[in-house]
Amino acid sequence: MRAPAEVRLDRLEKLIQRVTHESEQGGIIVVEGTRDRDSLRSMGIPGTILCLQSSRKNPLGFVEELDAGRKVIVLTDFDREGVSLAKRLARSLNYQKIHANLVLWRELRGLTRSDVRSIEELPKFHSRLRAEVFFGPISVRRKYETRYLSRRDKERGRFRRAS
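Residues numbered from 1 in each chain as written. Predicted model: local features only at pLDDT ≥ 70, side-chain atom pairs only at ≥ 80, totals over all residues. Heavy atoms only, no water.

1. Side note on the sheet that holds strand S2 (residues 48–51)
Within a sheet, each strand pairs with its neighbour through backbone hydrogen bonds, oriented either parallel or antiparallel.
Okay, step 1: Spatial ordering of the open sheet is given by S2-S1-S3-S4, a layout of four strands whose pairing is parallel. Edge strands, defined here as strands with exactly one partner in the open sheet, are S2 and strand S4 (99–101). Taken over all neighbouring pairs, the strand axes of this sheet differ in orientation by 30° on average, direction set aside.
Okay, step 2: By the bridge criterion, four bridges tie strand S1 (residues 28–31) to S2 in an arrangement that is parallel. Paired with Ile29 across the strands is Ile49, a residue of S2. (Pairing = 2+ DSSP bridges. Helix = DSSP H or I, 4+ residues; strand = E, 2+ residues; numbered from the N terminus. Axes fitted to C-alpha atoms, helices over the stretch in contact; angles between N-to-C directions.)

Following this line, the structure appears as structure tokens:
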């Protein structure tokens, strides 16, 4: 059973605050691509955000350039490739004596489940949750029913009966 939208929105906003706090404390955020970085920036997350794909290096070469002793927050996508990449990055970072934070990634993945497959979808998911909390859930049937009414019926407030 899924938690209500209010609870999920509250958890998501707390996770965003935690990522922001870690980033402000000097942590480095590692994402897969530039769109992921841009989406985190649009959510107000400051600090250093590094992209794996734009570095044109394999994860091992990427990890070797990072400073030892710094915290790294891994925020790869939630698809099969992203999960594999997160595990390889964490293993490589720990081998280089760099603290890899996968806790936030796991919590985000658990919270979003099937709604979000990549980090770049987070802002849209956040705004969708806020709209659902504010306006309430809209059923698929109700949307379908109102979509196929004539303009005059919509103006009069008529709705087709569900069959």
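2. Overview of the pairing of S1
Okay, step 1: Across the two faces of S1 the burial is the same, with Ile28 and Val30 and Ile29 and Val31 all buried.
Okay, step 2: In this fold, the crossover linking S1 to S2 by way of helix H2 (residues 34–42) has right-handed handedness.
Okay, step 3: Two strands pair when backbone bridges link them, and S1 and strand S3 (residues 71–74) are joined in this way by three bridges, in the parallel orientation. Bridge pairing links Ile29 to Ile73 in S3. (Buried < 20%, exposed > 50% of the residue type's maximum accessible area, 1.4 Å probe, protein only. Right-handed = clockwise from strand over helix to strand, strands pointing away.)

3. Some thoughts on the pairing of S3
Okay, step 1: Both S3 and S4 contribute to a ladder of three bridges, which runs parallel. Considered in S4, the bridge of Val72 is made with Ala100.
Okay, step 2: Where the polypeptide runs from S3 across helix H5 (residues 80–95) and back to S4, its parallel neighbour, the crossover connection is right-handed.

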